[in-house]
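Descriptive structure summary
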Amino acid sequence: MAGMQELRAWAAKWLGDREVPQEFLQLAAIQEARSSGGPARAALEAARPSAAGAEDAEALERMRDASDPLDYLGIEILGPQSAQGNGLARHVLDEQANATVPHLATLLGHFLPAAEKEEGCFVHGYWLYPGEVWPPPVVCIDDEATFCTARGRTLTEALLADHAEDDSEVALLGRWFTDLGVPVGVRTDAEIPDSPVRTDPRVLEQEL
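A short tour of the structure in this document, coming up.

1. Focus on the pattern of salt bridges
One pass over the structure, following the stated rule, counts eleven salt bridges. Its salt-bridge partner being Lys13, residue Glu95 comes within 2.2 Å of it at the nearest N-O pair. Of this pair, Glu95 sits in helix H7 (residues 95-98) while Lys13 sits in helix H1 (residues 2-15), placing them 82 residues apart in sequence. For Glu61, the salt bridge goes to Arg64, with nearest N and O atoms at 2.8 Å. A network of salt bridges, in which partner residues are shared, links Glu58, Arg62, Asp166 and Glu169.

Next comes the structure, spelled out in structure tokens:
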């Protein structure tokens with residue numbers, strides 16, 4: 001698949017010879033299936049979870065017009081074309097501009113931009129600093145070039161922590177992601193764990 005090959009080559013800028021996180025590829029495949037239309041998009045919609053109760057039914061109704069969980073959350077999975085977009089990711093990927101901000105280019109060298117919410121002020125990405133757990137933990141950068149850690153062990157959990165409205169959405173979206181090949185074990189916001197980051201990028205910035 002040409003799109004996946006391009007994504008792997010793009011991500012190699014940060015990863016070197018390390019493997020691209022499987023979760024990242026799976027989320028990108030969901031996005032690609034949506035844009036391709038036809039049977040691939042129909043398969044996304046067919047995986048929509050059913051309601052287990054009245055509260056779930058209300059959340060499911062809110063998802064009625066979404067083709068997939070990323071579509072519902074308004075999330076774009078980033079890739080080679082993101083530098084030409086209109087969102088915050090374009091600025092994160094602007095190497096020439098970032099080189100003028102003290103320490104930012106160094107920090108961004110450990111940050112693989114992975115996801116952005118439409119009209120949002122955060123870019124979520126994998127934190128690749130030496131000594132971190134693998135698959136890599138997730139951190140965010142905002143529109144003031146400030147880093148923060150994100151709750152969750154995975155990118156998908158971090159997206160649910162930051163963008164799902166309530167426990168019903170966490171449960172339904174978690175099931176939907178899982179049925180589309182992106183395993184999510186949490187079903188409530190309280191179950192989303194703290195970040196496993198070992199070296200906080202904010203602490204690292206103070207040391208640089």
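2. Focus on helix H4 (residues 54-62)
Turning to H4, its buried residues are Asp56, Ala59 and Leu60. Along the axis of H4, the buried residues cluster in a sector spanning 100°; they form a single face. Facing away from the buried surface of H4 by more than 90 degrees, the exposed residues are Ala54 and Glu58.

3. Some details on helix H2 (residues 22-36)
Between the first and last C-alpha of H2 there are 21 Å, a value that for 15 residues agrees with the 21 Å anticipated at 1.5 Å per step. Of the residues making up H2, those classed as buried are Glu23, Phe24, Leu25, Leu27, Ala28, Ile30, Ala33 and Arg34. Looking at the residues trailing H2, positive phi occurs at Gly37, about 70°.

4. Looking at the environment of Pro130
The residue Pro130 is located in the loop between strand S3 (122-127) and strand S4 (138-142) in this model. Judged by relative accessible area, Pro130 falls into the exposed class, the value being 57%. The spacing of Pro130 and Arg198 is 68 residues in sequence and 9.6 Å in space, taken between C-alpha atoms.

5. Remarks on the packing of H2 against helix H3 (residues 38-46)
At their nearest, the axes of H2 and H3 sit 6 Å apart, and the two run at 120° to each other. Considered as vectors, H2 and H3 are oriented oblique to each other. Considering only the axes of H2 and H3, their crossing is left-handed. Where H2 abuts H3, its residues Ile30, Ala33, Arg34 and Ser36 lie against Gly38, Ala40, Arg41 and Leu44.

What counts, and where the lines are drawn
Residues numbered from 1 in each chain as written. Predicted model: local features only at pLDDT ≥ 70, side-chain atom pairs only at ≥ 80, totals over all residues. Heavy atoms only, no water. Salt bridge = Lys/Arg side-chain N within 4 Å of Asp/Glu carboxyl O. Helix = DSSP H or I, 4+ residues; strand = E, 2+ residues; numbered from the N terminus. Buried < 20%, exposed > 50% of the residue type's maximum accessible area, 1.4 Å probe, protein only. Arc of directions from axis to C-beta. Expected span 1.5 Å × (residues − 1). Axes fitted to C-alpha atoms, helices over the stretch in contact; angles between N-to-C directions. Parallel < 35°, antiparallel > 145°, perpendicular 65-115°, else oblique. Left-handed = near helix turned anticlockwise from the far one by under 90°. Contact = heavy atoms within 4.5 Å.

Keep in mind that these numbers describe shape and distance, not what the molecule does.
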